[in-house]
Amino acid sequence: MSKINEIFYSLQGEGRHSGEAAVFVRFSGCNLKCPFCDTLHESGTEMTEEEIVAEASRYPTRLVVLTGGEPSLWIGASLVDRLHEAGKYIAVETNGTNPLPDGVDWITMSPKAGMAPGADVMRLQRADEIKVVDLGQDLERYFLLPQRGETTLMYLQPCFVDDAEEYARNVERTVGRVKADSRWRLSAQLHRFLQIP
């Protein structure tokens, strides 16, 4: 059984799969407490793997995004196998503090500010993309993460806040940093601009 915050169908708004239709399986609970997080971690419904796969299969897309909270607290090899048997392409969004089972098709690691590259807390094996929320921190350390390979995509994302002026300043800073260092791509959070879930 897994604790599920919600399962919904929308468009991926961030990273490599931005703009693609996706089923989002948002797990409850996280081992970190980030001030900018957009998820209520405690609420949720207990669901079996069969129920999760059945709900994800109701929608006309292959892409299933396992997110949270922190999905690595819940994902096992059997869920990955069952989603693959249902013809799904599995993307996981994780903070990188736990390993994931083999077979995940795409891994987005979003390390949080203050986590040191190579520290014992970083247990993820690989990252297909690394997405960093820009808080004005030193960015060079993210290129030293052991999960980063030669083909890992690097995304920098403005920190969203409700205050429009502050958010505009955050966007301006992040755009400037991407323009100054072409190793980064901008993660624009398309879903916020379109005002979709």
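Because the structure is predicted, anything quoted here is derived from the model rather than measured.

> Lay out the side chain of Thr61 in plain terms, naming residues and giving numbers.
Summarising the element assignment, Thr61 is placed in the loop between α1 (49–56) and β4 (63–67). On the basis of relative accessibility, which here comes to 13%, the residue Thr61 falls in the buried class. A distance of 2.9 Å separates the side chain of Thr61 from the backbone oxygen of Ala21, its partner in a polar contact. A polar side-chain atom of Thr61 sits 3.2 Å from the main-chain amide nitrogen of Leu63. Other than its neighbours up to four places away in sequence, Thr61 contacts Tyr9, Ala21, Ala22, Val23 and Lys88.

> Can you lay out unusual backbone geometry for me, pointing to particular residues and giving the numbers?
In this structure, Gly69 follows Gly68 across a cis peptide bond, with omega equal to 20 degrees. Relative to the helices and strands, Gly69 resides in the loop between β4 and α2 (77–85).

> Let's hear about helix α3 (residues 164–180): which residues, and what values?
With 17 residues, α3 ought to run about 24 Å at 1.5 Å a step, and its terminal C-alpha atoms sit 24 Å apart, in line with that. Looking at α3, one finds that the buried residues are Tyr167, Asn170, Thr174 and Val178. Taken around the axis of α3, the buried residues stretch over an arc of 65 degrees, which confines them to a single face. In this structure, α3 carries Glu165, Glu172, Lys179 and Ala180 as exposed residues pointing more than 90 degrees from its buried face. Capping of α3 at its N-terminal end is provided by Asp163; its side-chain oxygen lies 3.2 Å from the backbone amide nitrogen of Glu165.

> Kindly report on the packing of aromatic side chains, identifying the contributing residues and their values.
Scanning the entire structure with this criterion turns up four aromatic pairs. Both rings, one in Phe8 and one in Phe24, keep their centres 5.0 Å apart while their planes meet at 10 degrees; by these two values the pair is stacked. On the criterion of sequence distance, the pair formed by Phe8 in strand β1 (residues 2–11) and Phe24 in strand β2 (residues 21–27) is long-range, its members being 16 residues apart. Both rings, one in Phe143 and one in Trp184, keep their centres 5.1 Å apart while their planes meet at 70 degrees; by these two values the pair is edge-to-face. In this pair, Phe143 is assigned in the loop between β7 (127–134) and β8 (148–158) and Trp184 in the loop between α3 and β9 (185–186), connecting sequence segments 41 residues apart. Judged by relative accessible area, which is 3%, Trp184 ranks as buried. Cation over ring: Arg183 sits above Phe143, and NZ or CZ is 3.7 Å from the ring centre.

The rules behind these values
Residues numbered from 1 in each chain as written. Predicted model: local features only at pLDDT ≥ 70, side-chain atom pairs only at ≥ 80, totals over all residues. Heavy atoms only, no water. Helix = DSSP H or I, 4+ residues; strand = E, 2+ residues; numbered from the N terminus. Buried < 20%, exposed > 50% of the residue type's maximum accessible area, 1.4 Å probe, protein only. Polar contact = N/O pair within 3.5 Å; in protein donor to acceptor, adjacent residues only side chain to side chain. Contact = heavy atoms within 4.5 Å. Expected span 1.5 Å × (residues − 1). Arc of directions from axis to C-beta. Phe/Tyr/Trp six-rings, centres within 6.5 Å; stacked < 30°, edge-to-face > 60°. Lys NZ or Arg CZ within 6 Å of the ring centre and 35° of its normal.

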